[in-house]
Amino acid sequence: PTPDHSNEDRSPEESYPTKSDIKRLRDEVVETQPKAKGLFDTVWNDDYLKIVMTRKRKNKTRSFEYSVYKLRKAVEYRGKYEIDKLYSKEGDNLEMPSSISEACVCGSLYWRDFDIEGRPILWVRNSRKNWRTLDVDLQRRLHIWMIEWGLHHIPEGHNQFVIVADTSNLTTRQIAQMSYHRMLINVFMSLYPDRVKYLLVGPCSMLLRKLYSLCLPLLPENVRDKIRLLPSDSQAELKNFMDECKIPDFFGGKGHHSFSSEDEKGESKEKFSIKQMASYQIEALKAFG
């Protein structure tokens, strides 16, 4: 059964979580999920654990027990989807497994630049996908690989990222693909809890706003707090999250997102290149540092 996370059994303290609280969290998670130790040594650092442990729900801090439960479930899902096999941590890992590269070539999901606070930005451009032949399991593996890469190339001092979803050319087929949406919820809430700082969605049509208003009561409070709906002219709103020069042309800005691959003659091809994305983001990370 899902543990109660009402936090009624203890009152929040300014010092929570202490170092001993964090150590206890690590120990209790590893007790039932030994593979968590590798995560604690890498992407699950103390600052990230503090975010997990201090998340609020209805103005009450998440209970210690529920924090343990969230992380144990994350490790459980990592085993289910064999993430350690899917993503190699060796080097900069510029090679995407061939088993998922076919879902990447359209350039519907990629990292580029950082927000004004230094968080990396994950861009989602769903109109580039072939929704008639969409393979949800393949999309899950693509999202997992991309998030893993991003977390292993995140600026020091940061543990969350921003998602910008381009909804131009949104179709009813995309909206009706519920298995895809359920997959996203599972990935971002169960596999990577509390990693998303903001989800910027736009440009939002009247239809999308209406659908959002209908779904709003069903969304957890902490999820609602992350979502920002962007107007038709999104530049002014995006300036609150990123430098003006980083706003891309498909949002009316001056930035241009191009990650085309090259053939043997060095000529640009239309297919998205993960190496180009990684090279750009790593250089941007060095400049940021």
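Residues numbered from 1 in each chain as written. Predicted model: local features only at pLDDT ≥ 70, side-chain atom pairs only at ≥ 80, totals over all residues. Heavy atoms only, no water.

Trainee: Would you explain the overall build of the protein in this entry?
Mentor: Counting its regular elements, the protein contains 13 helices and 9 strands. The buried share of the protein, taken over its 289 residues, is 47%. Within the protein, contacts between residues separated by at least 24 positions form 74% of all contacts whose residues are at least 6 apart in sequence. Carbon and sulfur atoms form 49% of the exposed surface of the protein, whose accessible area is close to 15600 Å². (Helix = DSSP H or I, 4+ residues; strand = E, 2+ residues; numbered from the N terminus. Buried < 20%, exposed > 50% of the residue type's maximum accessible area, 1.4 Å probe, protein only. Contact = heavy atoms within 4.5 Å. Areas by Shrake-Rupley, 256 points an atom, 1.4 Å probe, with all protein chains shown as cover.)

Trainee: Explanation requested: the nonpolar core in the structure shown.
Mentor: The nonpolar side chains of a soluble globular protein tend to be buried with one another. Formed by 77 residues in total, the largest nonpolar core has its most connected members in Trp44, Met146, Phe161 and Met277. For this core, the leading source of residues is helix 7 (residues 136–151), giving 9 residues. Beyond its immediate stretch of four places on either side in the chain, Trp44 contacts Arg26, Ala36, Leu39, Leu49, Leu71, Ala74, Val75 and Arg195. (Core = buried A, V, L, I, M, F, W, Y, C linked by side-chain atoms within 4.5 Å.)

Trainee: Explanation requested: the packing of helix 7 against helix 9 (residues 178–191) in the structure shown.
Mentor: Helix-helix packing is described using two parameters, namely the angle between the two axes and the distance between the axes. Between helix 7 and helix 9, the least distance of the axes is 10 Å, while the angle of their chain directions is 30°. Classified by the interaxial angle, the pair formed by helix 7 and helix 9 is roughly parallel. Read as a crossing pair, helix 7 and helix 9 show a hand that is right-handed. Contacts between helix 7 and helix 9 involve Val136, Gln139, Arg140, His143, Ile144 and Ile147 on the former and, on the latter, Ser179, Tyr180, Met183, Leu184, Val187, Phe188 and Leu191. (Axes fitted to C-alpha atoms, helices over the stretch in contact; angles between N-to-C directions. Parallel < 35°, antiparallel > 145°, perpendicular 65-115°, else oblique. Left-handed = near helix turned anticlockwise from the far one by under 90°.)

Trainee: How should the sheet that holds strand 5 (residues 161–166) be read in this particular structure?
Mentor: Within a sheet, adjacent strands bond to each other through the backbone by hydrogen bonds, running parallel or antiparallel. On the basis of which strands lie adjacent, the open sheet formed by 5 strands has the order 3-4-5-6-7 and mixed pairing. Only two strands of the sheet have a single neighbouring strand rather than two, namely strand 3 (109–114) and strand 7 (227–229). Averaged over all adjacent pairs, the angle separating strand axes in this sheet is 25°, with direction ignored. Direction of pairing for strand 5 relative to strand 6 (residues 196–202): parallel, over a ladder of 6 bridges. Note on strand 6: the bridge partner recorded for Val162 is Tyr198. Packing against the sheet, helix 7 makes contact with strand 3, strand 4 (120–125) and strand 5, and its axis sits at approximately 20° to strand 3. (Pairing = 2+ DSSP bridges.)

Trainee: When you look at helix 1 (residues 19–32) in this model, what are you seeing that I'm missing?
Mentor: With 14 residues, helix 1 should cover 20 Å at 1.5 Å per step; its first-to-last C-alpha distance of 21 Å lies within 8% of that length. Along helix 1, the residues classified as buried are Asp21, Ile22, Leu25 and Val29. Looking straight down helix 1, one finds its buried side chains confined to an arc of 100°; they lie on one side. Along helix 1, exposed side chains directed more than 90 degrees from the buried face belong to Lys19, Ser20, Lys23 and Glu31. Residues of helix 1 that are buried make contact with helix 2 (36–40), helix 3 (46–53) and helix 4 (64–80). (Expected span 1.5 Å × (residues − 1). Arc of directions from axis to C-beta.)

Trainee: Please explain the pairing of strand 4 as it appears in this structure.
Mentor: The side chains of a regular strand alternate, residue by residue, between the two faces of the sheet. For strand 4, the tally of buried residues reaches 6 of 6 residues, placing the bulk of the element in the interior. Because side chains alternate across strand 4, one face comprises the buried residues Pro120, Leu122 and Val124, and the other comprises Ile121, Trp123 and Arg125, equally buried. Sheet topology places strand 3 next to strand 4; 4 bridges connect them, and they run antiparallel. Counted as the bridge partner of Leu109 is Val124 from strand 4. In this antiparallel pair of consecutive strands, strand 3 and strand 4, the connection spans 5 residues, and Gly118 shows a positive phi of 100°. Looking at chain direction, strand 4 and strand 5 are connected through 5 bridges and run parallel. Bridge pairing links Leu122 to Ile163 in strand 5. In this fold, strand 4 hands off to helix 7, which returns the chain to strand 5; that crossover is right-handed. (Right-handed = clockwise from strand over helix to strand, strands pointing away.)

Trainee: Before we go on, may I ask you to explain the pattern of salt bridges in this structure?
Mentor: Pairing between side chains of opposite charge can happen when their charged atoms approach one another. Within this structure, the stated rule accounts for 16 salt bridges. For Asp46, the salt bridge identified is with Arg26, shortest N-O distance 2.5 Å. Taken together, the positions of Asp46 in helix 3 and Arg26 in helix 1 put the pair 20 residues apart, joining distant regions of the chain. With relative accessibility at 33%, the residue Asp46 sits in the partly exposed group. Glu76 is the salt-bridge partner of Lys73, the closest N and O atoms lying 3.2 Å from each other. Placement of both Lys73 and Glu76 in helix 4 is noted, with a separation of 3 residues, approximately one turn of the helix. Look at Lys73 and you get partly exposed, because its relative accessible area is 23%. (Salt bridge = Lys/Arg side-chain N within 4 Å of Asp/Glu carboxyl O.)

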